[in-house]
Amino acid sequence: MPPDPFAGDPDDPARALDEPAEETEPPMTLEEREELLGDLSDLAVYQALLEPRGVRGIVVDCGECQEPHYHDWALLAASLEQLLNDGRMRPHEPAFDPDPSSYVSWEYCRGYADGVTASENAL
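Quick caveat: nothing in here was measured; it's all calculated off a predicted structure.

Here is what the cut-offs are and how they apply
Residues numbered from 1 in each chain as written. Predicted model: local features only at pLDDT ≥ 70, side-chain atom pairs only at ≥ 80, totals over all residues. Heavy atoms only, no water. Helix = DSSP H or I, 4+ residues; strand = E, 2+ residues; numbered from the N terminus. Salt bridge = Lys/Arg side-chain N within 4 Å of Asp/Glu carboxyl O. Buried < 20%, exposed > 50% of the residue type's maximum accessible area, 1.4 Å probe, protein only. Expected span 1.5 Å × (residues − 1). Contact = heavy atoms within 4.5 Å. Axes fitted to C-alpha atoms, helices over the stretch in contact; angles between N-to-C directions. Parallel < 35°, antiparallel > 145°, perpendicular 65-115°, else oblique. Left-handed = near helix turned anticlockwise from the far one by under 90°. Nonpolar A, V, L, I, M, F, W, Y, C, P; charged D, E, K, R; others polar. Core = buried A, V, L, I, M, F, W, Y, C linked by side-chain atoms within 4.5 Å.

1. A closer look at the overall build of the protein
Right, so step 1: When you go through the protein residue by residue, the secondary structure sums to three helices and three strands.
Right, so step 2: Along the protein, helices and strands appear, N-terminal first, in the series α-β-β-α-β-α.

2. Details of the pattern of salt bridges
Right, so step 1: All chains considered together, the criterion is met by one salt bridge.
Right, so step 2: Between Asp-72 and Arg-56 there is a salt bridge, with the nearest N and O atoms lying 3.2 Å from each other. Pair noted here: Asp-72 is in strand E2 (residues 68-72) and Arg-56 is in the loop between helix H1 (30-50) and strand E1 (57-61), with a separation of 16 residues, a long-range link.
Right, so step 3: For Arg-56, a relative accessible area of 44% puts it in the partly exposed group.

3. Things to note about H1
The periodicity of an α-helix, 3.6 residues per turn, causes residues three or four places apart in sequence to face the same way.
Right, so step 1: The end-to-end C-alpha distance of H1 is 30 Å, a good match for the 30 Å that 21 residues give at a rise of 1.5 Å each.
Right, so step 2: Where H1 is buried, its residues meet E1, helix H2 (73-86), strand E3 (103-104) and helix H3 (106-122).

4. Topic: the packing of H1 against H2
To characterise two packed helices, one gives the angle between the axes of the helices and the distance between these axes.
Right, so step 1: The interhelical angle for the contact between H1 and H2, taken along N-to-C directions, is 165°, at an axis separation of 10 Å. As far as their axial angle goes, H2 and H1 are roughly antiparallel. Between H1 and H2 lies a crossing of left-handed hand. Between H1 and H2, the residues in contact are Arg-33, Leu-36, Leu-37, Asp-39, Leu-40, Leu-43, Tyr-46, Gln-47 and Leu-50 and Trp-73, Leu-76, Ala-77, Leu-80, Glu-81, Leu-83 and Leu-84, respectively.
Right, so step 2: Of the residues that constitute the contact of H1 with H2, the class distribution is twelve nonpolar, one polar and three charged.

5. A look at the nonpolar core
Right, so step 1: Counting residues in hydrophobic clusters, the biggest one holds 16 residues, and the most contacted among them are Leu-43, Ile-58, Trp-73 and Cys-109.
Right, so step 2: Looking at this core, the elements that each hand over two or more residues are H1, H2 and H3.
Right, so step 3: Residues contacting Trp-73, with those up to four places away along its chain left out, are Leu-43, Tyr-46, Gln-47, Leu-50, Glu-51, Val-55, Arg-56, Gly-57, Ile-58 and Cys-109.

So this is what it looks like as structure tokens:
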């Protein structure tokens, strides 16, 4: 994320948009933090394996809106890092006119990585 130009400014116009304290999420547990770090590590592996093959990122089926959400590698990594650091993800703009054939599911990534690992171990 770029630096906030209003950081520390008591007249920050976005201060009125802050969520009320009673609606904040509870702190992340150690187990959740470790899982998130694992996801970030896996994401880096998936990107290294699949980006050279033309895969732009990951598609996630949203349970709330019932629509697929397309995340480029860098956007997903930034979102996970923000969740790790801030305990929540800020809303972001969806991908503009994504080509669904350029995105794969997390499960596909995991299977692809497992296949590469199995092939390398067989040598």
